[in-house]
Amino acid sequence: MRIDIITVLPELLKSPFEASILKRAIESKLVEVHLHNLRDYATDNYKSVDDYQFGGGAGMVMMIEPIDKCISALKEERPYDEIIYMTPDGKTLNQGIANQLSLKENIIILCGHYKGVDQRVRDHYISREISIGDYVLSGGELGAAVLCDAVIRLIPGVLGNETSALTDSFQDNLLAPPIYTRPRDYNGLQVPEILFSGNFPEIEKWREEQAYERTKTHRPDLLDE
Ligand code: ADE
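Residues numbered from 1 in each chain as written. Predicted model: local features only at pLDDT ≥ 70, side-chain atom pairs only at ≥ 80, totals over all residues. Heavy atoms only, no water.

## Quick notes on the site of the ligand
Around the ligand sit Met86, Thr87, Pro88, Ile130, Ser131, Ile132, Gly133, Tyr135, Val136, Leu137, Gly139 and Gly140, and that is every residue in its neighbourhood. Thr87 is positioned such that a nitrogen or oxygen atom in its backbone is 3.3 Å from a nitrogen atom of the ligand. At 2.9 Å, a backbone N or O of Leu137 approaches a nitrogen atom of the ligand. For the ligand, whose accessible area on its own is 260 Å², the fraction buried by protein is 96%. For the shell around the ligand, the element with the most residues is strand 5 (residues 82-92), which contributes three residues. Classifying every residue of the shell around the ligand by side-chain character gives seven nonpolar, five polar and no charged. (Near = heavy atom within 4 Å. Polar contact = N/O pair within 3.5 Å; in protein donor to acceptor, adjacent residues only side chain to side chain. Areas by Shrake-Rupley, 256 points an atom, 1.4 Å probe, with all protein chains shown as cover. Helix = DSSP H or I, 4+ residues; strand = E, 2+ residues; numbered from the N terminus. Nonpolar A, V, L, I, M, F, W, Y, C, P; charged D, E, K, R; others polar.)

In C-alpha coordinates:
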(Lines give C-alpha, C1' and ligand atoms only; values in the text may rest on other atoms or scores of the structure.)
Protein backbone atom coordinates (compact mmCIF):
# COMPACT_ATOMS: atom_id res chain seq x y z
CA MET A 1 0.00 0.00 0.00
CA ARG A 2 1.07 3.57 -0.70
CA ILE A 3 -0.23 6.59 1.21
CA ASP A 4 0.43 10.14 -0.01
CA ILE A 5 -0.37 12.84 2.52
CA ILE A 6 -0.85 16.43 1.37
CA THR A 7 -0.29 18.93 4.16
CA VAL A 8 0.87 22.46 4.97
CA LEU A 9 2.65 21.06 8.06
CA PRO A 10 4.70 18.02 6.99
CA GLU A 11 6.87 18.31 10.13
CA LEU A 12 3.81 17.49 12.24
CA LEU A 13 3.45 14.17 10.45
CA LYS A 14 7.01 12.85 10.69
CA SER A 15 7.21 11.31 14.14
CA PRO A 16 4.12 9.04 14.01
CA PHE A 17 5.87 7.06 11.26
CA GLU A 18 9.25 6.93 13.01
CA ALA A 19 8.39 4.58 15.88
CA SER A 20 6.98 1.17 16.71
CA ILE A 21 4.53 -0.62 14.40
CA LEU A 22 4.27 2.05 11.69
CA LYS A 23 8.06 2.34 11.46
CA ARG A 24 8.39 -1.44 11.12
CA ALA A 25 5.62 -1.59 8.51
CA ILE A 26 7.50 0.99 6.42
CA GLU A 27 10.86 -0.75 6.92
CA SER A 28 9.35 -4.08 5.84
CA LYS A 29 7.97 -2.36 2.73
CA LEU A 30 4.40 -3.29 3.58
CA VAL A 31 3.50 0.38 3.26
CA GLU A 32 5.04 3.54 1.81
CA VAL A 33 4.10 6.90 3.30
CA HIS A 34 4.99 10.07 1.37
CA LEU A 35 4.48 13.58 2.74
CA HIS A 36 3.86 16.44 0.30
CA ASN A 37 4.17 20.05 1.34
CA LEU A 38 1.26 21.87 -0.29
CA ARG A 39 3.37 25.04 -0.41
CA ASP A 40 5.61 23.37 -3.00
CA TYR A 41 2.61 23.57 -5.36
CA ALA A 42 1.80 27.23 -4.69
CA THR A 43 1.93 29.38 -7.82
CA ASP A 44 2.77 32.85 -6.45
CA ASN A 45 5.97 34.31 -5.00
CA TYR A 46 4.58 34.20 -1.46
CA LYS A 47 3.88 30.44 -1.66
CA SER A 48 0.24 31.14 -0.77
CA VAL A 49 -2.05 28.19 -0.25
CA ASP A 50 -5.02 30.05 1.27
CA ASP A 51 -7.08 33.16 0.59
CA TYR A 52 -10.07 35.15 1.89
CA GLN A 53 -13.60 33.74 1.61
CA PHE A 54 -15.80 34.99 -1.18
CA GLY A 55 -18.87 36.62 0.33
CA GLY A 56 -16.96 37.71 3.43
CA GLY A 57 -16.55 35.98 6.76
CA ALA A 58 -13.74 35.20 9.18
CA GLY A 59 -11.09 32.61 8.37
CA MET A 60 -8.99 31.71 5.36
CA VAL A 61 -9.86 29.06 2.80
CA MET A 62 -7.41 26.61 1.20
CA MET A 63 -7.23 27.40 -2.51
CA ILE A 64 -8.08 24.91 -5.23
CA GLU A 65 -5.05 25.55 -7.47
CA PRO A 66 -2.18 24.19 -5.32
CA ILE A 67 -4.32 21.21 -4.33
CA ASP A 68 -5.19 20.50 -7.96
CA LYS A 69 -1.53 20.77 -8.96
CA CYS A 70 -0.41 18.38 -6.21
CA ILE A 71 -3.16 15.80 -6.79
CA SER A 72 -2.69 15.96 -10.58
CA ALA A 73 1.07 15.40 -10.24
CA LEU A 74 0.43 12.34 -8.07
CA LYS A 75 -2.25 10.96 -10.38
CA GLU A 76 0.11 11.21 -13.31
CA GLU A 77 2.38 8.72 -11.57
CA ARG A 78 -0.22 6.09 -10.59
CA PRO A 79 -3.97 5.56 -10.20
CA TYR A 80 -5.48 6.22 -6.77
CA ASP A 81 -8.27 4.20 -5.16
CA GLU A 82 -9.29 6.96 -2.77
CA ILE A 83 -8.66 10.66 -2.22
CA ILE A 84 -9.59 11.36 1.37
CA TYR A 85 -10.19 14.75 2.97
CA MET A 86 -9.73 15.00 6.75
CA THR A 87 -12.41 17.30 8.13
CA PRO A 88 -14.56 17.50 11.28
CA ASP A 89 -17.71 17.37 9.13
CA GLY A 90 -16.70 14.08 7.46
CA LYS A 91 -17.97 10.60 8.28
CA THR A 92 -16.71 9.50 11.69
CA LEU A 93 -13.85 7.02 11.41
CA ASN A 94 -14.62 3.52 12.68
CA GLN A 95 -13.08 0.07 12.43
CA GLY A 96 -15.19 -0.77 9.36
CA ILE A 97 -13.76 2.18 7.40
CA ALA A 98 -10.23 1.27 8.55
CA ASN A 99 -10.80 -2.33 7.37
CA GLN A 100 -12.00 -1.13 3.94
CA LEU A 101 -9.09 1.26 3.47
CA SER A 102 -6.51 -1.34 4.52
CA LEU A 103 -7.39 -3.27 1.33
CA LYS A 104 -6.61 -0.35 -1.01
CA GLU A 105 -3.50 -0.04 -3.13
CA ASN A 106 -2.89 3.74 -3.30
CA ILE A 107 -4.58 6.49 -1.32
CA ILE A 108 -4.15 10.24 -0.99
CA ILE A 109 -5.00 12.01 2.27
CA LEU A 110 -5.57 15.77 2.13
CA CYS A 111 -5.26 17.53 5.49
CA GLY A 112 -7.60 20.47 5.89
CA HIS A 113 -6.43 23.70 7.53
CA TYR A 114 -7.70 27.16 8.34
CA LYS A 115 -11.47 27.32 7.71
CA GLY A 116 -11.23 24.36 5.30
CA VAL A 117 -10.84 23.88 1.54
CA ASP A 118 -12.66 25.49 -1.37
CA GLN A 119 -15.87 23.46 -1.82
CA ARG A 120 -14.92 22.70 -5.45
CA VAL A 121 -12.07 20.51 -4.16
CA ARG A 122 -14.54 18.51 -2.09
CA ASP A 123 -17.02 18.25 -4.98
CA HIS A 124 -14.61 17.25 -7.73
CA TYR A 125 -11.50 15.62 -6.26
CA ILE A 126 -12.43 13.95 -3.00
CA SER A 127 -13.85 10.40 -2.80
CA ARG A 128 -14.30 10.28 0.99
CA GLU A 129 -14.40 12.77 3.86
CA ILE A 130 -13.32 11.47 7.24
CA SER A 131 -13.51 12.93 10.75
CA ILE A 132 -11.80 11.29 13.71
CA GLY A 133 -14.45 12.49 16.16
CA ASP A 134 -16.91 15.20 17.08
CA TYR A 135 -14.40 17.86 18.07
CA VAL A 136 -12.41 20.37 16.04
CA LEU A 137 -8.64 20.03 15.68
CA SER A 138 -6.35 22.80 14.45
CA GLY A 139 -5.84 20.89 11.23
CA GLY A 140 -6.28 17.51 9.61
CA GLU A 141 -2.71 16.29 10.31
CA LEU A 142 -3.32 14.58 13.63
CA GLY A 143 -6.48 13.07 12.18
CA ALA A 144 -4.47 11.78 9.22
CA ALA A 145 -1.94 10.21 11.62
CA VAL A 146 -4.75 8.48 13.51
CA LEU A 147 -6.29 7.24 10.27
CA CYS A 148 -2.93 5.93 8.98
CA ASP A 149 -2.27 4.10 12.25
CA ALA A 150 -5.72 2.48 12.25
CA VAL A 151 -5.32 1.41 8.59
CA ILE A 152 -1.66 0.36 8.47
CA ARG A 153 -1.88 -2.03 11.44
CA LEU A 154 -4.57 -3.93 9.49
CA ILE A 155 -2.41 -4.53 6.42
CA PRO A 156 -1.66 -8.28 6.32
CA GLY A 157 1.80 -8.96 7.77
CA VAL A 158 2.08 -5.72 9.78
CA LEU A 159 1.02 -7.31 13.06
CA GLY A 160 2.41 -10.66 14.12
CA ASN A 161 0.09 -13.46 15.25
CA GLU A 162 0.56 -12.54 18.88
CA THR A 163 -0.83 -9.04 18.34
CA SER A 164 -3.37 -10.03 15.70
CA ALA A 165 -5.91 -7.32 14.92
CA LEU A 166 -8.62 -9.99 14.92
CA THR A 167 -8.88 -9.78 18.71
CA ASP A 168 -9.00 -5.96 18.83
CA SER A 169 -11.92 -4.06 20.22
CA PHE A 170 -14.53 -3.25 17.53
CA GLN A 171 -13.55 -6.02 15.11
CA ASP A 172 -16.85 -7.78 15.82
CA ASN A 173 -18.66 -4.72 17.21
CA LEU A 174 -17.59 -5.71 20.73
CA LEU A 175 -15.05 -4.11 23.02
CA ALA A 176 -12.10 -6.31 24.01
CA PRO A 177 -12.41 -8.30 27.28
CA PRO A 178 -10.23 -7.52 30.36
CA ILE A 179 -6.63 -8.77 30.23
CA TYR A 180 -4.16 -9.56 33.03
CA THR A 181 -0.50 -10.44 33.48
CA ARG A 182 1.87 -11.23 36.37
CA PRO A 183 1.76 -11.08 39.32
CA ARG A 184 -1.30 -13.20 40.03
CA ASP A 185 -1.78 -11.46 43.37
CA TYR A 186 -0.71 -7.81 43.67
CA ASN A 187 -1.16 -6.67 47.29
CA GLY A 188 -4.42 -8.62 47.43
CA LEU A 189 -5.64 -7.56 43.97
CA GLN A 190 -6.45 -10.90 42.34
CA VAL A 191 -6.61 -12.12 38.77
CA PRO A 192 -9.90 -14.00 37.97
CA GLU A 193 -9.53 -17.74 38.80
CA ILE A 194 -10.93 -18.92 35.46
CA LEU A 195 -7.75 -17.75 33.66
CA PHE A 196 -5.72 -20.38 35.56
CA SER A 197 -8.16 -23.25 34.92
CA GLY A 198 -6.41 -24.48 31.76
CA ASN A 199 -9.91 -25.00 30.33
CA PHE A 200 -9.57 -23.00 27.12
CA PRO A 201 -13.18 -23.35 25.87
CA GLU A 202 -14.34 -22.05 29.29
CA ILE A 203 -11.78 -19.21 29.19
CA GLU A 204 -12.97 -18.26 25.71
CA LYS A 205 -16.60 -18.32 26.91
CA TRP A 206 -15.67 -16.10 29.88
CA ARG A 207 -13.90 -13.64 27.58
CA GLU A 208 -16.91 -13.43 25.29
CA GLU A 209 -19.21 -12.78 28.24
CA GLN A 210 -16.87 -10.10 29.58
CA ALA A 211 -16.61 -8.46 26.16
CA TYR A 212 -20.39 -8.40 25.92
CA GLU A 213 -20.85 -6.98 29.44
CA ARG A 214 -18.20 -4.33 28.88
CA THR A 215 -19.80 -3.31 25.58
CA LYS A 216 -23.27 -3.20 27.21
CA THR A 217 -21.92 -0.91 29.95
CA HIS A 218 -19.58 1.39 28.01
CA ARG A 219 -20.83 1.35 24.41
CA PRO A 220 -24.41 0.00 24.20
CA ASP A 221 -24.73 1.75 20.79
CA LEU A 222 -22.36 -0.88 19.31
CA LEU A 223 -24.81 -3.66 20.17
CA ASP A 224 -27.56 -1.96 18.13
CA GLU A 225 -25.45 -1.95 14.96
N1 ADE B 1 -9.68 18.57 11.15
C2 ADE B 1 -10.15 19.34 12.17
N3 ADE B 1 -10.86 18.60 13.03
C4 ADE B 1 -10.86 17.33 12.55
C5 ADE B 1 -11.44 16.12 12.98
N6 ADE B 1 -12.18 16.05 14.09
N7 ADE B 1 -11.23 15.02 12.25
C8 ADE B 1 -10.50 15.08 11.11
N9 ADE B 1 -9.94 16.19 10.63
C10 ADE B 1 -10.11 17.31 11.34
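On we go.
## A word on the pairing of strand 5
As paired elements, strand 5 and strand 6 (residues 106-111) share five bridges and run parallel to each other. Bridge pairing in strand 6 links Tyr85 to Leu110. Once the chain exits strand 5 it traverses helix 3 (residues 95-102) before rejoining the sheet at strand 6, and the crossover so formed is right-handed. Bridge count between strand 5 and strand 7 (residues 128-131): five bridges; the pairing is parallel. Residue Lys91 lies in a different strand from strand 7, and its bridge partner there is Ile130. (Pairing = 2+ DSSP bridges. Right-handed = clockwise from strand over helix to strand, strands pointing away.)

## A closer look at the side chain of Arg2
Position of Arg2 relative to the elements: it lies in strand 1 (residues 2-7). When its relative accessible area of 14% is taken as the criterion, Arg2 is described as buried. Here the side chain of Arg2 touches Glu32 through a polar contact of 3.4 Å, side chain to side chain. A distance of 3.3 Å separates the side chain of Arg2 from the side chain of His34, its partner in a polar contact. If we ignore the near neighbours within four places in the chain, the residues touching Arg2 are Glu32, His34, Arg78, Tyr80, Glu105, Asn106 and Ile107. (Buried < 20%, exposed > 50% of the residue type's maximum accessible area, 1.4 Å probe, protein only. Contact = heavy atoms within 4.5 Å.)

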